[in-house]
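So you can see what is in the structure, the chains are spelled out below.
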Amino acid sequence: LIVLFQIIAKESIMKTVLDFLHFSNPTNDQKNVLVGIDGFIQSSNIDNFLIIQGAAGTGKTSMVSALVDYLNDCDRPYSIAAPTGRAARIIGKKVGASASTIHSMIFKPETDKKTGKVSFHLKQRYDAKATVYILDEASMITSRETGLDVNFGSQMDVLTSTITYIFKANPN
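Draft legend 1. Structural context of the sheet that holds strand β5 (residues 132-135). Spatial ordering of the open sheet is given by β2-β1-β5, a layout of three strands whose pairing is parallel. In this open sheet, the two edge strands, each paired with only one partner strand, are β2 (100-101) and β5. Looking at chain direction, strand β1 (residues 78-82) and β2 are connected through two bridges and run parallel. Within β2, the residue paired with Ala81 across the bridge is Ser100. In the packing of helix α4 (residues 85-95) onto the sheet, contacts are made with β1 and β2, and the angle to β1 comes to roughly 135 degrees.

As structure tokens, then:
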């Protein structure tokens, strides 16, 4: 029984994102992406981000869904966001998890009581554990480089604000 328990325990630790895929025959490219995702979320990973891109219908959302199921199984925190409310609702529905707009995830609105002007300030992040941030439709995130410098009253564009938010956690 002890050996069986250790084998079971080892097997549960050895699960990969591929084990949570909702279809049985991924293409070689999909397998490669899933292996890349699996390596990215390991604690030994030194990379800060992973970009998954592909044409419509290539399985990106299915792979994110497998990742979300894996993270839930491991009790690992994650946050899903998209540039628009519509995109956030769609990805949330497809992967079976809550999602928000990037703006509501990273910005806190503040109203000047005298002028009524609303400005947005970067929220403070309070993650106790390493959090995986999943940003869908990332090509729609505005930045000064895209020429679409929409900063919502912040000192930084949305892309810079998002990166700053993710990498600047409260040490508590």
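Draft legend 2. Main features of the packing of helix α3 (residues 60-73) against α4. Where α3 meets α4, the axes come as close as 9 Å, and the angle between the chain directions of the two elements is 65 degrees. Judged by the sense of rotation from one axis to the other, the crossing of α3 with α4 is right-handed. Side by side, α3 and α4 meet where Thr61, Val64, Ser65 and Val68 of the first sit next to Ile91, Lys94 and Val95 of the second. Across the contact of α3 with α4, the residue classes tally to four nonpolar, two polar and one charged.

Draft legend 3. Highlighting the packing of helix α2 (residues 28-40) against α3. Between α2 and α3, the least distance of the axes is 11 Å, while the angle of their chain directions is 35 degrees. For α2 against α3, the interelement crossing comes out right-handed. Along the contact surface, α2 presents Gln30, Val33, Leu34, Ile37 and Asp38, while α3 presents Met63, Leu67 and Tyr70. Considered class by class, the residues forming the contact of α2 with α3 number six nonpolar, one polar and one charged.

Draft legend 4. Molecular detail of the environment of Tyr165. Note that Tyr165 resides in helix α6 (residues 158-167). The sequence separation of Tyr165 and Lys123 amounts to 42 residues, and the corresponding C-alpha distance is 7.2 Å. Aside from chain neighbours lying at most four places away, what touches Tyr165 is Met105, Ile106, Leu122, Lys123, Arg125 and Tyr133.

Draft legend 5. Summary view of the pairing of strand β3 (residues 107-111). Bridge count for β3 against strand β4 (residues 118-122) is five bridges, and the pairing is antiparallel. Looking at β4, one finds that Pro109 is bridged to Phe120.

Draft legend 6. Quick look at the nonpolar core. In this structure, Val17, Ile41, Leu67, Val68, Ile80, Val95 and Ile134 are the most contacted members of the largest nonpolar core, which totals 19 residues. Going through the elements one at a time, α2, α3, α4 and β5 are the ones with two or more residues in this core. Here this core gets seven residues from one element, more than from any other, and that element is α3. Excluding anything up to four places from it in sequence, Ile80 contacts Val68, Ile91, Val95, Ala97, Ser98, Ala99, Ser100 and Ile134. In this structure, Ala81, Ile102, Phe107 and Tyr165 belong to the second largest nonpolar core, which totals 10 residues.

Each value, and the rule that gives it
Residues numbered from 1 in each chain as written. Predicted model: local features only at pLDDT ≥ 70, side-chain atom pairs only at ≥ 80, totals over all residues. Heavy atoms only, no water. Pairing = 2+ DSSP bridges. Helix = DSSP H or I, 4+ residues; strand = E, 2+ residues; numbered from the N terminus. Contact = heavy atoms within 4.5 Å. Axes fitted to C-alpha atoms, helices over the stretch in contact; angles between N-to-C directions. Left-handed = near helix turned anticlockwise from the far one by under 90°. Nonpolar A, V, L, I, M, F, W, Y, C, P; charged D, E, K, R; others polar. Core = buried A, V, L, I, M, F, W, Y, C linked by side-chain atoms within 4.5 Å. Buried < 20%, exposed > 50% of the residue type's maximum accessible area, 1.4 Å probe, protein only.

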